[in-house]
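As a plain string of letters, each chain reads:
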Amino acid sequence: MKRFHPMPSLLALLMAATLSAPLPALAGPGHDHGDAPPAPTGNGPSRQPDGSVFLPKPAQRQLGVRTLVTATGQHAKAFELAGTVVMDPNAGGKVQAVLAGRLEAGPKGLPGVGQAVRKGEVLAYVVPTAGAIERSNQLAQQAELRAARDLAARRVARLTELADTVPRKDIEAAESELHSLTQRLGAVGAGLATRDALVAPVSGVIASANAVAGQVVDARELVFEVVDPARLRIEALAYDPAQSQSVAGATLAVGGQRVPLRFVGAARSLRDQAQPLQFAGDSSALGTLALGQPVRVFVQSTDKVDGVQVPAAALLRNPANQTIVWVKESPERFAPRVVSAVPLDGASVAVTSGLKPGDRVATQGATLINQVR
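It should be emphasised that the depicted structure is a prediction, and the values quoted were computed from it without experimental measurement.

Re the overall build of the protein
Tallying secondary structure elements over the protein gives 5 helices and 23 strands in all. Counted over contacts in the protein with a minimum sequence separation of 6, partners at least 24 positions apart contribute 73%. Carbon and sulfur atoms provide 55% of the accessible area of the protein, an area that totals close to 22800 Å².

Spelled out as C-alpha cells, the structure:
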C-alpha cells in the first residue's frame, strides 16, 4: 500500500503564487519621487530656512524696492503727543445769535460750509420773536405813545399860533415833549420789526453752518464758524509737565509730508490732568486739515540721542511681534534685523540698536518683502 506525500504539491503552489505577485517598481538614481518637497527653482522670491528672503533683481524692480545706506549721528530726542486742530483766535471766529428769534437769509442767501466770506459780510438775519402777552403790551404801549404824540403835536401848533402872547419857554417845552414822544414811538416800533444782522467776524471760509431758513434759535446759540485755513493751530496735551520745559521744535505728519511747527506756548492751567501746548505752522499743508481733526505731533526736545536715522516706513513686525527692518546683505538676499527705535519727526525714526553704519536698509517695498513666504 502506497502512502500520500503532500509536500511537493504545496511547494509548487507557493512558487506559483510568488511568481504571479506584482514586483515593486524601483526608480533609478536621480528619479526618486518620495515625500520630500521639491527643491526651489531659484527663479522667484522665496523665504530661506534662516529667515532671509531671496528676491531676484526682476522682482525687486517689479516691487519697487529701494534701499538706503545708513549712517550714525546725533538726533534731537523726540516724543509723540496727541493733538487737535484748533483755530487761531486772531484768524477765526464764531457767529452767535444775540437774541432769540427766527433766522432769515442774508443778501446772498445762507452760506454753506466751505464758502469764502469777507469780514463784515452779512451772513443771516435774526428776527426777534416775542410771546403773545409781551407783543400785546408793546402794541398797547405803541398806541399810547402815538396818542400822546398827536396831542403834543396839536399843543405845539396852538402855542405857535399864540407865540406873541405865550412865553417862549412854554413853546420850547412843548416841542421837546413832542420830540421825546416821537423818539419813544420809533424805538418801540423798531423793537417790533427790527432784525439782528449776523456778520462774519473775520475773512475766511465757513467751517461749520447750523442755519436753515426759518429756523428758531436761542440767544448765544452757535450759528456759523469762520476760519482762515492758512492760519490754523495745533493744540497738544502733555501729561508730563517737564516736557514743556525742553521744547526745541515740533513737526506734524500729514500723510508722508513733514510740516514744521512753531511752539507758541504752554498753558499754566491743566485740562483733564494734562498741560495744553499750542503750536503754529506756516505751511500750506495745514489748510488741508479740518477743525477738531486729531493729529500726531512729534516734539523735538533739547536732549540728543545717538542712532541711525531711517524712514518710519522701514519699521515692520515679525511673527513674534518684534520690530524689524530688512537689510540687503547681497544683491538678491534680504535679512531681517531686530531693532530698537525712537520717533524723531513722524516721517523718520532713530534706530538705537540692531544696525551699524553702512547697512543698506529697505525703505520702499519693505512691506512686500515681509510678506514673502
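Next, the rest of the story.
Re the sheet that holds strand β8 (residues 122–128)
Spatially, β9-β8-β6-β11 is the arrangement adopted by the 4 strands of the open sheet, whose pairing is antiparallel. Of all strands in the sheet, those bounded by a partner on one side alone are β9 (196–199) and β11 (216–217). In the sheet, β8 pairs with β9 via 4 bridges, with the strands oriented antiparallel. By the bridge assignment, Val 126 is partnered in β9 with Asp 196.

Section: the nonpolar core
Counting residues in hydrophobic clusters, the biggest one holds 22 residues, and the most contacted among them are Ile 234, Leu 252, Phe 279, Val 297 and Val 299. For this core, the secondary structure elements donating two or more residues are β4 (72–87), β13 (232–238), β14 (247–254), β15 (257–266), β16 (275–280) and β17 (294–311).

Observations regarding the side chain of Glu 121
Here Glu 121 is to be found in the loop between β7 (116–117) and β8. Apart from the residues lying within four places of it in its own chain, the contact partners of Glu 121 are Lys 108, Leu 198, Val 199 and Ala 200.

Observations concerning the pattern of salt bridges
Applying the stated criterion to the full structure yields 14 salt bridges. As a salt-bridge pair, Glu 104 and Arg 195 come within 3.1 Å of each other at their nearest N and O atoms. Of this pair, Glu 104 sits in strand β6 (residues 101–105) while Arg 195 is found in the loop between α4 (168–193) and β9, placing the two residues 91 residues apart along the sequence. Since its relative accessible area comes to 26%, Glu 104 is described here as partly exposed. Classification of Arg 195 as partly exposed rests on a relative accessible area of 44%. Note that Arg 337 and Glu 329 form a salt bridge whose closest N and O atoms lie 3.7 Å from each other.

Things to note about the sheet that holds strand β5 (residues 92–96)
Taken together, the 4 strands give an open sheet; going across it, the order is β5-β12-β10-β7, and neighbouring strands pair in antiparallel fashion. The two strands at the open ends of the sheet, each matched to only one other strand, are β5 and β7.

Quick notes on the packing of aromatic side chains
Per the stated rule, a full pass over the model turns up 1 aromatic pair. On the numbers, 5.4 Å between centres and 50° between planes, the contact of Phe 263 with Phe 279 is tilted. Of the two residues, Phe 263 is situated in strand β15 and Phe 279 in strand β16; the sequence distance between them amounts to 16 residues. Against the face of Tyr 125 rests Arg 195, its NZ or CZ located 3.9 Å from the ring centre.

What about the environment of Gly 292?
Relative to the helices and strands, Gly 292 resides in the loop between β16 and β17. The partly exposed category is assigned to Gly 292, whose relative accessible area is 47%. Distance in space between the C-alpha atoms of Gly 292 and Glu 235 is 9.8 Å, their sequence separation being 57 residues. Leave out the neighbours within four places in its chain, and Gly 292 touches Thr 84 and Val 85.

A look at the pairing of strand β20 (residues 333–338)
When strand β2 (residues 53–54) meets β20, the two strands line up antiparallel, connected through 2 bridges. Bridge assignment links Phe 54 to a residue of β20, and that residue is Arg 333. With 6 bridges joining them, strand β19 (residues 323–330) and β20 adopt antiparallel strand pairing. Following the sheet pairing, Ile 324 is matched in β20 by Val 338. Once β19 ends, the chain turns through 2 residues before running back antiparallel as β20.

Criteria and cut-off values
Residues numbered from 1 in each chain as written. Predicted model: local features only at pLDDT ≥ 70, side-chain atom pairs only at ≥ 80, totals over all residues. Heavy atoms only, no water. Helix = DSSP H or I, 4+ residues; strand = E, 2+ residues; numbered from the N terminus. Contact = heavy atoms within 4.5 Å. Areas by Shrake-Rupley, 256 points an atom, 1.4 Å probe, with all protein chains shown as cover. Pairing = 2+ DSSP bridges. Core = buried A, V, L, I, M, F, W, Y, C linked by side-chain atoms within 4.5 Å. Buried < 20%, exposed > 50% of the residue type's maximum accessible area, 1.4 Å probe, protein only. Salt bridge = Lys/Arg side-chain N within 4 Å of Asp/Glu carboxyl O. Phe/Tyr/Trp six-rings, centres within 6.5 Å; stacked < 30°, edge-to-face > 60°. Lys NZ or Arg CZ within 6 Å of the ring centre and 35° of its normal.

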